[in-house]
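# A look at the structure
Listed below, chain by chain, are the residues.
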Amino acid sequence: DAGLPRSAPEEQGISSAAVRAFIEAADKQIDTLHSFMLVRHGHVIAEAWWAPESADKPHVMWSLSKSFTSTAVGLAVAEGKIGLDDPVLKFFPDEMPAEASENLKAMRVRDLLSMSGGHEVEPKFGFDTGPSVKGFLAHPVTQKPGTFFRYNTPGSYMLSAIITKTTGQTVLDYLKPRLFEPLGIESPMWDASAEGHSLGGYGLHIRTEDIAKFGQLYLQRGKWNGQQLLSEKWVAEATSKQ
C-alpha cells in the first residue's frame, strides 16, 4: 500500500485531545464538512469522513485542481516544452482574434500562473462545457499583463490547453507517470471541456489522502521516496509571494 504512514498524535508532538476537540466542534458547527486529515512530519495523525464520503471515494477538487495544473506546467518547463516567458498567443495561432491587442500579445505563461493576465473581469464560461481557448483570447485585456491580479479560472484552463498543445497529452495523462503514479494516487479522473482539454481550473477527482500526499510533496520541496519529482527551484517559486 502506497499510503502515508500513520502515527498517534502524541508521537508527532500534537495533543490528541486538541485534535478531538477540533473534530467535535467542526462536526457540530459545520454541516458541510466532507473529510478531514491532519498530517504532521509526514505522518497521518488524524482522519475523518462524514457519510456519504469515505476514505476510498474520489472527491471533486474544484479550485485545488489549479495547483495540479500549475505543477504540470512546472514539469513541462523542466522538460523544456514550455518557457515561463513564452507569450500565450504562441501556442494558439488558429484561435487568436483577428486583431490582437498589445496587452494580449504581451501575456505570458507566468502571467497565467500568477493570475495577472490583465483581465479586469474574469471571462464567463459554462461549468459543464468548460471555458474555451477562443473565448479566453477574445476577452478584453484591459490591464498590462503582470501588473493586475484577477482570480481567473479560464486562465488555469489555458495552462491546461498549453500542456496539451506542447506535449500532445491532456494534463491528466501528462501527470500520470510524472506525479500521480509516483505518489500512489490511483485512478485520478479529470473532467474535460467541450474542446477536449482537462478543465485545468477545476474538475479533478481524487481522494482525501491524495491531497495530503500532494501537500507533503511540496513540503518536501518536490522530493518523494528519495526521488526529485519536481525541481526545488520550481517549488520555491510556486510557493513564494508573487
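Let me begin by describing the structure that accompanies this report. (Residues numbered from 1 in each chain as written. Predicted model: local features only at pLDDT ≥ 70, side-chain atom pairs only at ≥ 80, totals over all residues. Heavy atoms only, no water.)

## Describing the overall build of the chain
The helix and strand tally for the chain stands at nine helices and seven strands. Taking 2.2 N^0.38 as the reference for a compact globule, 242 residues should give roughly 18 Å; the C-alpha atoms of the chain span a radius of gyration of 19 Å, in line with that estimate. Principal axes of the C-alpha set define a box for the chain whose edges measure 60 × 40 × 30 Å. By the burial criterion, 44% of the 242 residues in the chain qualify as buried. Contacts spanning at least 24 positions in sequence make up 67% of the contacts within the chain whose residues lie at least 6 apart. For the chain, the computed accessible surface area is about 12400 Å², with 53% contributed by carbon and sulfur atoms. The centroid of the 24 positive side-chain charges in the chain is displaced by 5 Å from the centroid of its 29 negative side-chain charges. (Helix = DSSP H or I, 4+ residues; strand = E, 2+ residues; numbered from the N terminus. Rg over C-alpha atoms; globule rule 2.2 N^0.38 Å. Buried < 20%, exposed > 50% of the residue type's maximum accessible area, 1.4 Å probe, protein only. Contact = heavy atoms within 4.5 Å. Areas by Shrake-Rupley, 256 points an atom, 1.4 Å probe, with all protein chains shown as cover. Lys, Arg positive; Asp, Glu negative; His and termini not counted. Charge placed at Lys NZ, Arg CZ, Asp CG, Glu CD.)

## Comments concerning the nonpolar core
Core analysis: the biggest nonpolar cluster contains 52 residues, and Phe 68, Phe 92, Leu 137 and Leu 175 have the highest contact counts within it. For this core, the secondary structure elements donating two or more residues are helix 2 (65-78), helix 4 (109-113), helix 5 (133-138), helix 6 (153-167), helix 7 (171-183), strand 5 (204-206), helix 8 (208-219) and helix 9 (232-238). Top contributing element to this core by residue count: helix 7, with seven residues. Setting aside residues up to four positions removed in sequence, Leu 175 forms contacts with Phe 68, Ala 72, Leu 75, Phe 180 and Trp 190. Core analysis: the second largest hydrophobic core is formed by six residues, Val 19, Ala 46, Ala 48 and Trp 50 among them. (Core = buried A, V, L, I, M, F, W, Y, C linked by side-chain atoms within 4.5 Å.)

## Comments concerning the packing of aromatic side chains
Taken as a whole, this structure holds ten aromatic pairs when the rule is applied. When the ring of Phe 22 is compared with that of Phe 36, the centres are 5.0 Å apart and the planes differ by 45°; the resulting orientation is tilted. Of this pair, Phe 22 sits in helix 1 (residues 16-29) while Phe 36 sits in strand 1 (residues 35-40), and the two are 14 residues apart along the sequence. In this structure Phe 36 comes out as buried when scored by relative accessible area, which is 15%. Between Phe 214 and Tyr 218 the ring centres are 5.3 Å apart and the planes differ by 70°, which places this aromatic pair in the edge-to-face class. Of this pair, Phe 214 and Tyr 218 are both found in helix 8, four residues apart, which corresponds to roughly one turn of the helix. Each of the two residues, Phe 214 as well as Tyr 218, counts as buried. (Phe/Tyr/Trp six-rings, centres within 6.5 Å; stacked < 30°, edge-to-face > 60°.)

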